[in-house]
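A look at the structure
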Amino acid sequence: MWKGCLVECFGMAVYVWTHTAIVMASASYTYPPLLIGIFHGVLLSLFILQFAASSGAHFNSMITFSTMLTGHTPFFRGLCYIPAQILGAFIGALCMKASVMPDFGMRFKLGACHRGPMNSGQALMIEVVSCLLVLFAAYGTAFNARQNAIYGPVFVPLFSGLMLVLIIFCSSSLGEPPFTGAGVNPPLCLGCSAAYALYDDIETAVAFEDQWIYWVGPGISSILHGVMYLIAPPHHHALYQEQKALRQRKKEEKSMNKNSTD
């Protein structure tokens, strides 16, 4: 389990650094949300392809919490993943802070999430709906045994990436700057805000303003989705349980063979 936590922490650090770089690099173009969405979709797809076998490639506490509720992630593994993701996000944002001049970093708030002119209720609604879209995409492909078998390990990450493109593009278009659109990744928003707060000219309260939106929103979405999933499980639920039991038997057999060899 600790290896998976290490992968989540390290991967999250690199993911957040790249996220901030994408935000900064896209600012000079005519309509930044489109480019930000496209490149984040590519980034997410590649990370899932690279790390799915190592940790499940969550890199998002919303995914971890949701899969804990539906039984896809063991409880204690999830409790380990979430702090690792938060720590990794903070490290990644710190690395970006060390990579750019202070004025440049403060201009983009190190890629932190903020609601801009939106009121809290509007920003929360956008966050809840956007997070539900992420969960629909994940459970419709990656956590759907039948769909996963049809599309395979290559197309499933691409579908998740395409959904992220859609979410960033649409949600960012619902308000005027500096509204950043839906966060859909609580550790990313928190880590960037924490690193941004370390600038000398930035007040901590300002850096963490409305941060609760980017945690409460995903939490609400995860609970709503989890209730729906448990009350009306998909038709492939039995198939998933069979595959889960098969993987457990293979793991036990591998452990027994290793012990007998020793």
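As a reminder, the structure under discussion sits directly above these lines.
Okay, so let's go over this structure.

1. What to know about the overall build of the protein chain
Assigned secondary structure in the protein chain consists of 11 helices and zero strands. Ordering the α and β elements of the protein chain from the N terminus gives α-α-α-α-α-α-α-α-α-α-α. In terms of overall dimensions, the protein chain is globule-like: its C-alpha atoms have a radius of gyration of 19 Å, near the 18 Å expected for 262 residues. Reported as C-alpha extents along the three principal axes, the dimensions of the protein chain are approximately 60 × 45 × 30 Å. Within the protein chain, the fraction of its 262 residues that count as buried is 48%. Partitioning the intrachain contacts of the protein chain with sequence separation of at least 6 by distance along the chain shows that 79% fall at a separation of at least 24. For the protein chain, the distance from the average site of its 14 positive side-chain charges to the average site of its 13 negative ones is 14 Å.

2. With respect to the side chain of Ser26
Structurally, Ser26 can be placed in helix H1 (residues 2-26). The contact partners of Ser26, leaving out residues within four places of it in the chain, are Pro32, Leu35 and Ile36.

3. Regarding the state of the cysteines
The final tally for this structure, using the stated rule, is two disulfides. Disulfide pairing places Cys5 opposite Cys80 at an S-S distance of 1.7 Å. One end of the pair, Cys5, is in helix H1; the other, Cys80, is in helix H4 (residues 75-99), and 75 residues separate them in sequence. Looking at the protein chain, its bonded cysteines, counted consecutively from the start of the sequence, adopt the pairing 1-2, 3-4. Cys170 forms no disulfide, and the closest cysteine sulfur to it belongs to Cys131, at a distance of 14 Å. Given a relative accessible area of 37%, Cys170 falls into the partly exposed group.

4. Thoughts on the environment of Leu46
Tracing the backbone shows Leu46 in helix H2 (residues 32-55). Taking the C-alpha atoms as reference points, Leu46 and Pro157, 111 residues apart in sequence, are found 7.5 Å from one another.

5. Quick notes on the environment of Val16
Here Val16 shows up in helix H1. Considering only alpha carbons, one finds Val16 and Phe90, 74 residues apart in sequence, at a separation of 8.2 Å. Not counting residues up to four positions away in its chain, the partners in contact with Val16 are Ala89, Gly92, Ala93, Leu188 and Cys192.

6. Re the nonpolar core
Ranked by size, the top nonpolar core spans 58 residues in total, and within it Tyr15, Val16, Leu110, Val184, Leu188, Tyr196 and Tyr199 carry the most contacts. Within the residue set of this core, elements represented by two or more residues are H1, H2, helix H3 (61-70), H4, helix H6 (120-140), helix H7 (145-172), helix H8 (186-196) and helix H10 (213-231). With 11 residues, H6 is the largest single contributor of residues to this core. Discounting chain neighbours no more than four positions away, the residues touching Leu188 are Met12, Tyr15, Val16, His19, Ala89, Gly111 and Cys113.

7. Thoughts on the packing of aromatic side chains
Applying the stated criterion across every chain yields a total of 10 aromatic pairs. Taking the centre distance of 5.4 Å and the plane angle of 80 degrees together, the rings of Phe51 and Phe59 count as edge-to-face. Each member of the pair, Phe51 together with Phe59, is buried. Aromatic rings pair up to connect Tyr15, Phe47, Phe51 and Phe59 into one cluster. For the cation-ring pair, Lys97 lies above Tyr199, with the distance from its terminal atom to the ring centre recorded as 4.8 Å.

8. Focus on H2
Along H2, the sharpest kink reaches roughly 40 degrees, centred on Leu49. Three or more residues of H2 are buried, namely Pro33, Ile36, Gly37, His40, Gly41, Leu43, Leu44, Ser45, Phe47, Ile48, Phe51 and Ser55.

9. Concerning the packing of H1 against H2
Between H1 and H2, the shortest axis-to-axis distance is 10 Å and the interhelical angle comes to 165 degrees. By the angle class used here, H1 and H2 are roughly antiparallel. Read as a crossing pair, H1 and H2 show a hand that is right-handed. Counted together, Gly4, Val7, Glu8, Gly11, Val14, Tyr15, Thr18, His19, Ile22, Val23 and Ser26 of H1 and Pro32, Leu35, Ile36, Phe39, His40, Leu43, Leu44, Phe47, Phe51, Ser54 and Ser55 of H2 form the full contact between these two elements. For the contact of H1 with H2, the per-class residue count stands at 13 nonpolar, eight polar and one charged.

Conventions adopted
Residues numbered from 1 in each chain as written. Predicted model: local features only at pLDDT ≥ 70, side-chain atom pairs only at ≥ 80, totals over all residues. Heavy atoms only, no water. Helix = DSSP H or I, 4+ residues; strand = E, 2+ residues; numbered from the N terminus. Rg over C-alpha atoms; globule rule 2.2 N^0.38 Å. Buried < 20%, exposed > 50% of the residue type's maximum accessible area, 1.4 Å probe, protein only. Contact = heavy atoms within 4.5 Å. Lys, Arg positive; Asp, Glu negative; His and termini not counted. Charge placed at Lys NZ, Arg CZ, Asp CG, Glu CD. Disulfide = S-S within 2.5 Å. Core = buried A, V, L, I, M, F, W, Y, C linked by side-chain atoms within 4.5 Å. Phe/Tyr/Trp six-rings, centres within 6.5 Å; stacked < 30°, edge-to-face > 60°. Lys NZ or Arg CZ within 6 Å of the ring centre and 35° of its normal. Bend = angle between axes of the 7 residues up to and from the residue. Axes fitted to C-alpha atoms, helices over the stretch in contact; angles between N-to-C directions. Parallel < 35°, antiparallel > 145°, perpendicular 65-115°, else oblique. Left-handed = near helix turned anticlockwise from the far one by under 90°. Nonpolar A, V, L, I, M, F, W, Y, C, P; charged D, E, K, R; others polar.

Everything listed here is a matter of coordinates, which is why it stays silent on function.
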